Amino acid sequence: MAENENLPEEIVQGATEDITDKKCPNCGATVAYDPATLSMTCEYCGYHKELPKPDEAGTATQEIDFNSAKLRTSKDWGAKKKNITCKNCGGSAMYDMTETASTCPFCGSTNVMPVDDDEDVMAPGGIVPFEISRERAAELFKSWLGKKLFAPSKAKKSCEAKEFHGIYLPYWTFDSQTTSSYSASYGKDYKDKDGNTKTRWYKCSGVHDEFIDDEVVYASTKTNDSNIKTVSSFDFSKLRDYDPQFIAGFAAERYSLGLDDGWNIAQSQIRAKLEQHIRENVRARYKADRVKDVKLATSYDKITFKYLLAPIWISNFKFNGTIYNFVVNGQTGRIAGKSPVSAFRVIIAIILAIVALGLLYYLFS
């Protein structure tokens, strides 16, 4: 009996055919996904093959029932892959078997090695394609560095990003209907006879219903770059069903944070979001000046998830012997990273701030 024969359709939808044709039908060279045109392109002869648009690719990527997913066995990425790991930073990435991986996409180290790929992991169900090209990412980097107030002028003029590594990173997204019973204290300010502001506190309780849509969790434990989490905001309305052609020419990291652990993190994020919304609702309902001591108990119903890949450019630049890493969101172009700081510029800013405060004190005292 075939491995997935008796599983429901939504449980095996990650399985795909081995349809990646990496060779150009005209000249035989390697073709790759081009973010600028959202198509498969041959840089040698100009061969061009458009990929299906979202409305042409059938139904949107399906939400999968969380409990049923524990039985899921699908792990076919649609083309034979190899897994490499970096001895320097511990990062792990997937490549086509036909490609050579000589550097780590996360830190640029050449100290990489292939590893056995025998883990029982599912294939992605959806993908957010690259829209920012390597050239555009370089332009955005120059603009980003140029706007850094405390970066040295020399760095702004001379620094160039090293080779950009395009990689699809793994994410869980979760949907759930939530119902929370809560209690809180809200305060209304008043003036006492001496003109001092005081607060009268009142107790309240209630029920808060909210549907959570696409709560995003970065599904990697091997890459702890805070910059990645900073830029991990994507427009999921442009989500495509997973197709191995999209990752032709790019690396892809598979999830190392499991589904259950991902859901635990999602619940923590959702709880913080619900608490903030309850605060806002209590403040508005009672026309309160402040809210505190929010306590809630939440039930989660109709939990579904998606396992997605989303695009990130990773690069770095060197200035005065120090390497600065940064990342670019491959869909939106948002950048996060560290930049060099000029001590002279910081001192000037502090002096100007002190002068400004002194002037304000003189004018209003």
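This report concerns the structure included in the present document.

Rules and cut-offs
- Residues numbered from 1 in each chain as written.
- Predicted model: local features only at pLDDT ≥ 70, side-chain atom pairs only at ≥ 80, totals over all residues.
- Heavy atoms only, no water.
- Core = buried A, V, L, I, M, F, W, Y, C linked by side-chain atoms within 4.5 Å.
- Buried < 20%, exposed > 50% of the residue type's maximum accessible area, 1.4 Å probe, protein only.
- Helix = DSSP H or I, 4+ residues; strand = E, 2+ residues; numbered from the N terminus.
- Expected span 1.5 Å × (residues − 1).
- Arc of directions from axis to C-beta.
- Salt bridge = Lys/Arg side-chain N within 4 Å of Asp/Glu carboxyl O.
- Phe/Tyr/Trp six-rings, centres within 6.5 Å; stacked < 30°, edge-to-face > 60°.
- Contact = heavy atoms within 4.5 Å.
- Pairing = 2+ DSSP bridges.

### Observations concerning the nonpolar core
Okay, so step 1: Counting residues in each nonpolar core, the largest one holds 62 residues, and the members touching the most others are Tyr 168, Trp 172 and Phe 174.
Okay, so step 2: Those elements that provide at least two residues to this core are α2 (134–146), β9 (165–191), β10 (197–218), α5 (259–285), β13 (290–319) and β14 (322–329).
Okay, so step 3: Counting residues per element, this core draws most heavily on β13, which supplies eleven residues.
Okay, so step 4: Counting 17 residues, the second largest nonpolar core, distinct from the first, contains Phe 236, Leu 239, Ala 251 and Ala 336.

### A look at α2
Okay, so step 1: For α2, spanning 13 residues, the distance from its first C-alpha to its last is 19 Å, which sits close to the expected 18 Å at 1.5 Å a residue.
Okay, so step 2: Buried within α2 we find Ala 137, Leu 140, Phe 141, Trp 144 and Leu 145. Looking straight down α2, one finds its buried side chains confined to an arc of 130°; they lie on one side.

### Concerning the pattern of salt bridges
Okay, so step 1: Applying the stated criterion across every chain, the model contains eight salt bridges.
Okay, so step 2: Of the charged contacts, one joins Lys 238 and Glu 131 as a salt bridge, the two residues approaching to 3.5 Å between their closest N and O atoms. Taken together, the residues span a long stretch of sequence, with Lys 238 in the loop between α4 (226–231) and β11 (240–241) and Glu 131 in the loop between β8 (126–127) and α2 at a distance of 107 residues.
Okay, so step 3: Of the residues examined, Glu 131 reaches a relative accessible area of 27% and is grouped as partly exposed.
Okay, so step 4: A salt bridge links Arg 279 to Glu 275; the nearest nitrogen and oxygen atoms lie 3.4 Å apart. Taken together, the positions of Arg 279 and Glu 275, both in helix α5 and four residues apart, correspond to about one turn of that helix.

### As for the packing of aromatic side chains
The description of two aromatic rings rests on the distance between their centres and on the angle between their planes.
Okay, so step 1: Counted under the stated rule, the structure contains 24 aromatic pairs.
Okay, so step 2: A centroid spacing of 4.6 Å and a plane angle of 15° characterise the contact between Phe 141 and Phe 326, whose relative ring orientation is stacked. With a gap of 185 residues between them, Phe 141 in helix α2 and Phe 326 in strand β14 connect regions that are remote in the sequence. As far as the burial class goes, Phe 141 and Phe 326 line up, both buried.

### Some points on α5
Okay, so step 1: Here α5 spans 37 Å end to end across 27 residues, near enough to the 39 Å set by a 1.5 Å rise per residue.
Okay, so step 2: Among all positions in α5, only Leu 259, Gly 262, Trp 263, Ala 266, Ile 270, Leu 274, Ile 278 and Val 282 are buried.
Okay, so step 3: In this structure, the buried side of α5 is in contact with β9, β10 and β13.
Okay, so step 4: Lys 287 sits one or two residues past α5 and shows a positive phi near 50°.

### Some thoughts on the pairing of β9
Successive side chains on a regular strand alternate, one facing one side of the sheet and the next facing the other.
Okay, so step 1: With respect to burial, β9 is a largely interior element, 19 of its 27 residues being buried.
Okay, so step 2: In terms of strand pairing, β9 meets β13 through 21 bridges, oriented antiparallel. What sits directly across from Pro 170, in β13, is Leu 309.
Okay, so step 3: Two elements, β9 and strand β12 (residues 251–252), share two bridges in a ladder whose sense is parallel. Pairing of Ile 167 across the sheet is with Ala 251, part of β12.
Okay, so step 4: Where β9 lies against β10, 20 bridges are found, and the strand directions are antiparallel. What sits directly across from Phe 174, in β10, is Glu 215.
Okay, so step 5: Between β9 and β10, which pair antiparallel in sequence order, lie five residues; one of them, Gly 195, sits at a positive phi of approximately 85°.

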